[in-house]
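# Inside the fold
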Amino acid sequence: MSSPQGWVPVEHRFLGLDRRTFPPALIALAVALLLLYGLPALNSAIPWNNEIRAGDVLDLGDGATAVPPVGWQLEDGTLVGGAGASPTSLQVMLASSGATVQLRGSSFDGTADAYLDQVRRSEGDSAPGVDGERRTLTTGAGVVGVAQSTTGPNGDGLDVAFKVGVGSAVESAPALLVRVRTTPGQFEQHQDEVAALLRSITPGGVR
């Protein structure tokens with residue numbers, strides 16, 4: 001007499017279940033748990049380490065460059081010799097203890113001063129703290145920008161806007177925003193490194 005369809009021999013039963021299905025089910029469960037929890041936990045446990053070394057140069061697109069502070073972490077962006085960057089969709093993020101510097105590129109027809117106005121208007125009340133006096137800043141390669149600082153209970157900031165071009169090409173040149181944010185009391189610690197980064201910004205074609 002043949003066994004009924006689906007019948008499980010008693011030696012393979014456990015709590016009414018077929019013990020032979022346990023290994024595949026446990027393997028599938030283990031894989032699912034690894035994908036859901038294991039890999040993200042492993043990723044967060046491994047420290048980010050893309051440290052800027054002496055001689056590294058940021059690629060700002062179309063030949064424009066900047067020299068980042070040695071020892072900072074490059075969390076986003078491209079170095080000269082890498083894949084290459086677009087000046088109008090540039091995204092660079094540098095980080096050090098208590099400070100971040102973001103470089104962001106975009107298209108803008110107008111002056112650096114007008115570009116900074118547009119950036120700050122778009123943020124409205126989200127801009128942190130009290131604004132300082134706006135002033136001009138000139139890099140070592142002659143690129144002129146405008147800078148405005150902020151101070152607030154959550155920390156200090158500095159926004160600097162450039163048109164990364166020289167001579168008659170300035171108006172149509174890509175716009176660059178350099179945004180510095182620090183935790184309270186940390187701006188002074190990093191101000192020399194930030195100043196050196198700003199002075200190092202060079203437009204394309206200038207050597």
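Residues numbered from 1 in each chain as written. Predicted model: local features only at pLDDT ≥ 70, side-chain atom pairs only at ≥ 80, totals over all residues. Heavy atoms only, no water.

All told, the structure shown has 6 salt bridges when counted by the stated rule. We note a salt bridge from Asp 117 to Arg 134, for which the minimum N-O separation is 2.8 Å. With a gap of 17 residues between them, Asp 117 in helix H2 (residues 112-123) and Arg 134 in the loop between strand S8 (130-131) and strand S9 (135-138) connect regions that are remote in the sequence. On the accessibility criterion, Arg 134 (26% relative accessible area) is partly exposed. Of the charged contacts, one joins Asp 131 and Arg 120 as a salt bridge, the two residues approaching to 2.4 Å between their closest N and O atoms. One end of the pair, Asp 131, is in strand S8; the other, Arg 120, is in helix H2, and 11 residues separate them in sequence. Look at Asp 131 and you get partly exposed, because its relative accessible area is 41%. (Salt bridge = Lys/Arg side-chain N within 4 Å of Asp/Glu carboxyl O. Helix = DSSP H or I, 4+ residues; strand = E, 2+ residues; numbered from the N terminus. Buried < 20%, exposed > 50% of the residue type's maximum accessible area, 1.4 Å probe, protein only.)

Within the element layout of this structure, Glu 75 appears in strand S5 (residues 73-76). Remark: the alpha-carbon pair of Glu 75 and Glu 51, spanning 24 residues in sequence, is separated by 9.0 Å.

A positive phi is found at Asp 62, a non-glycine position, where the angle reads about 55°. Structurally, the position occupied by Asp 62 is in the loop between strand S3 (58-61) and strand S4 (64-66). Judged by relative accessible area, Asp 62 falls into the exposed class, the value being 64%.

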